[in-house]
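# Understanding the architecture of this molecule
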Amino acid sequence: MSDTRRRVKVYTLNEERQWDDRGTGHVSSTYVERLKGMSLLVRAEADGSLLLESKINPSTAYQKQQDTLIVWSEAENYDLALSFQEKVGCDEIWEKICQVQGKDPSVEVTQDLIDESEEERFEEMPETSQLIDLPICEINKLEEIADLVTSVLSSPIRREKLALALETEGYIKKLLQIFQTCENMDNTEGLHHLYEIIRGILFLNKATLFEVMFSDECIMDVVGCLEYDPALAQPKRHREFLTKTAKFKEVIPITDSELRQKIHQTYRVQYIQDIILPTPSVFEENFLSTLTSFIFFNKVEIVSMLQEDEKFLSEVFAQLTDDATDDDKRRELVNFFKEFCAFSQTLQPQNRDTFFKTLANLGILPALEIVMGMDDLQVRTAATDIFSYLVEFSPSMVREFVMQEAQQSDDDILLINVVIEQMICDTDPELGGAVQLMGLLRTLIDPENMLATANVRTNKWKTEKSEFLNFFYNHCMHVLTAPLLANTSEDKLETDAEVESNKSNTICPDNYQTAQLLALILELLTFCVEHHTYHIKNYIMNKDLLRRVLILMNSKHTFLALCALRFMRRIIGLKDEFYNRYIIKGNLFEPVINALLDNGTRYNLLNSAVVELFEFIRVEDIKSLTAHIVENFYKALESIEYVQTFRGLKTKYEHEKDRQNQKLSSVPSILRSNRFRRNTRALEDDEEMWFNDDEEEEGEAVVPPVEKLKPEDDFTDNYEKFMESKKS
């Protein structure tokens, strides 16, 4: 049953002043890019077609009537109404409208309504007669001016009139001259009034006034006025910060004076918005929408002007990659590119596409490869941010670069391997940089992402998928898994055992930061299991990777043990018989069951995760694993009775065994003889052929058989310890 709260009828007022029913649908409020603002959308109940698309304009007067009706004028002779089926839906949409217009939802009309006679009177008057009469711009009139500016903010019509008056009389420059006088005289009261006046003028939200206030001549005085907030015991020193502390660095001299002025202006206006002005309340948010647009379009202009200056950008790249460039200069160059890419986010998609292609043609990726491998932490961090912009924009562009690079370079200096090494070598105790880099790697190896950037007509995505994954597993996977393999090697385990021989289950890593890193690597490998079926399967079996991962089940860090368990759970979740055979031959349930028994009777996350793993096998009726678990481990598990999982596995196993026996007994004895049975090896060979002929990916699978390993001696000890603790 559909949601009736937002169910509405759409009405329009015709020329005969009668309401026409345009249809029934469901209304929502959402941001519409084409209209550049929050809008009301109504989609037809019958076929989902668009019945209404109306931008919520700040100055439009919306009326709420009879609890279920919202009425407004879209244009001069075009009135609209939404009639809601339920009051609660009407209230929700009304709150959205009031939020956009900065109004209290308790009102029934969002703007001052002017009756027709009053509108006609305004139209008949000459334009100048509609202006508000401003008090004379003098010090003793500042309180009166502040009261006037504050009082008009609640009325859109009066705001417009005041803005027009301020434009025509050059009033703002006169106010700023008075500010200088008040400051020289230490006139605190006058300075407090000027703060209210200038803040109120900003809230008028008029671009024409911003052009005056943010000009080189006026902007520092505007900042000065905003230092004298009456709520503060002492004025802030914003001008001192902007003129002395914040230094403008030209990494390459900017010859265009207009560009330099635009950069200065944008920084200062952004400072006013982010630092000086208090956070607007929910009713004031819309008052600064034009200020946000002013900054936005300035950034667009700066990016466009820099992008067109190829000589400037070429010189930046040349110095960035030059060995002779000193560390401080290189740091400034990288930070410049970081801000440059951040500004580019303001561009429209088509212009952003051109921007990143320009950077790619100039060699941004080879340059990043150099700076990401440097010792300077600030440089590496900024380079990582730039790399994230590029990956977010076009993963395919990055993939294409690294595959071409692989034909000419050693594995050690490939861009992706540089990224992996930065992730592994992150010195932050919380691994903030490593987490960011891991997210970028996941984007690059995500096949869904490759589909999204596909050329379906030429079937290019499949080529990119197979080629890139072949490249990644041949050239990069060994770098990613190196810390995991190193920390689970036999030599490492023996060393740890010697160091902490007094512990019954000692396992590296005990170091928290190393454990975090291994958890990140396991998260990425788990993602591969889910999305790279063929390649990761081949890698796991060749490297006996699951056995190495399950060694971490003994880590003292529970989160790492859970990551190892999650890796196995994702493999089993595929219900792939090749994986199942590998697990059975390697006796890989043993470390999981050891962990369960070591956990004892504690009811915690590890316990729940292990039980869920076996419950999945039971519910999905994975016969080969069920038989293996019951035949090898049931004696150790049968005492666990607080869940029915293990008893259920035994029941499933017995039912299947009975079914097989009945099936065999119904077959004539001659057919059960070995003369008519295919040998086990032949069956396995057929399966291997099928595996090698995997249609999903290209390449060959080389999967050596994994010999079944002997159960470790401590399994019985663990079981006995568990039973003793249960008795006690």
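Attention in this report is confined to the structure presented alongside it. As the structure is a prediction and not an experimental result, all values here were calculated from the model.

### Details of the packing of helix α12 (residues 310–321) against helix α13 (residues 327–344)
At a closest axis distance of 9 Å, the pairing of α12 and α13 adopts a crossing angle of 135°. Taken together, the axis directions place α12 and α13 in an arrangement best described as oblique. When you trace α12 past α13, the crossing you get is left-handed. Of the residues in α13, those in contact with F312, L313, V316, F317, Q319, L320 and T321 of α12 are K329, R330, L333, V334, F336, F337 and F340. Taken together, the residues of the contact of α12 with α13 sort by class into 10 nonpolar, 2 polar and 2 charged.

### Re the environment of V27
Inspection of the secondary structure puts V27 in strand β2 (residues 19–32). Here the alpha-carbon distance between V27 and V42, two residues 15 residues apart in the chain, equals 4.3 Å. In contact with V27, not counting residues within four places along its chain, are R6, V8, L41, V42, L82, F84 and I93.

### Considering the pairing of strand β3 (residues 37–44)
Of all 8 residues that make up β3, 6 are buried, and the element is covered over most of its length. Hairpin connection of β2 to β3: 4 residues between the antiparallel strands, including K36 at a positive phi of 60°. Pairing of β3 with strand β4 (residues 50–55), which is carried by 5 bridges, proceeds in the antiparallel orientation. Counted as the bridge partner of L40 is S54 from β4. Linking two consecutive strands that pair antiparallel, namely β3 and β4, is a turn of 5 residues; a positive phi of about 80° is found at G48 within it.

### Digging into the packing of aromatic side chains
This structure, assessed with the given rule, holds 22 aromatic pairs. Taking 5.4 Å as the distance between ring centres and 15° as the angle between the ring planes, the aromatic pair formed by F241 and Y271 counts as stacked. With F241 in helix α9 (residues 238–245) and Y271 in helix α10 (residues 257–276), this residue pair connects regions lying 30 residues apart in the sequence. Chaining the aromatic ring pairs together yields one cluster made of F312, F317, F336, F337, F340, F355, F356 and F393. If you follow K299 out to its NZ or CZ, it ends over the ring of F343, 5.1 Å from the centre.

### Re the packing of helix α16 (residues 377–393) against helix α17 (residues 395–406)
Orientation of α16 relative to α17, taken along the N-to-C sense of each, is 110°, at an axis distance of 5 Å. Comparing their axes, α17 and α16 come out roughly perpendicular. In this structure, α16 uses F387, L390, V391, E392 and F393 to contact α17, whose residues at the interface are P395, M397 and V398. Here the contact of α16 with α17 is built from residues that sort into 7 nonpolar, no polar and 1 charged.

Cut-offs applied
Residues numbered from 1 in each chain as written. Predicted model: local features only at pLDDT ≥ 70, side-chain atom pairs only at ≥ 80, totals over all residues. Heavy atoms only, no water. Axes fitted to C-alpha atoms, helices over the stretch in contact; angles between N-to-C directions. Helix = DSSP H or I, 4+ residues; strand = E, 2+ residues; numbered from the N terminus. Parallel < 35°, antiparallel > 145°, perpendicular 65-115°, else oblique. Left-handed = near helix turned anticlockwise from the far one by under 90°. Contact = heavy atoms within 4.5 Å. Nonpolar A, V, L, I, M, F, W, Y, C, P; charged D, E, K, R; others polar. Buried < 20%, exposed > 50% of the residue type's maximum accessible area, 1.4 Å probe, protein only. Pairing = 2+ DSSP bridges. Phe/Tyr/Trp six-rings, centres within 6.5 Å; stacked < 30°, edge-to-face > 60°. Lys NZ or Arg CZ within 6 Å of the ring centre and 35° of its normal.

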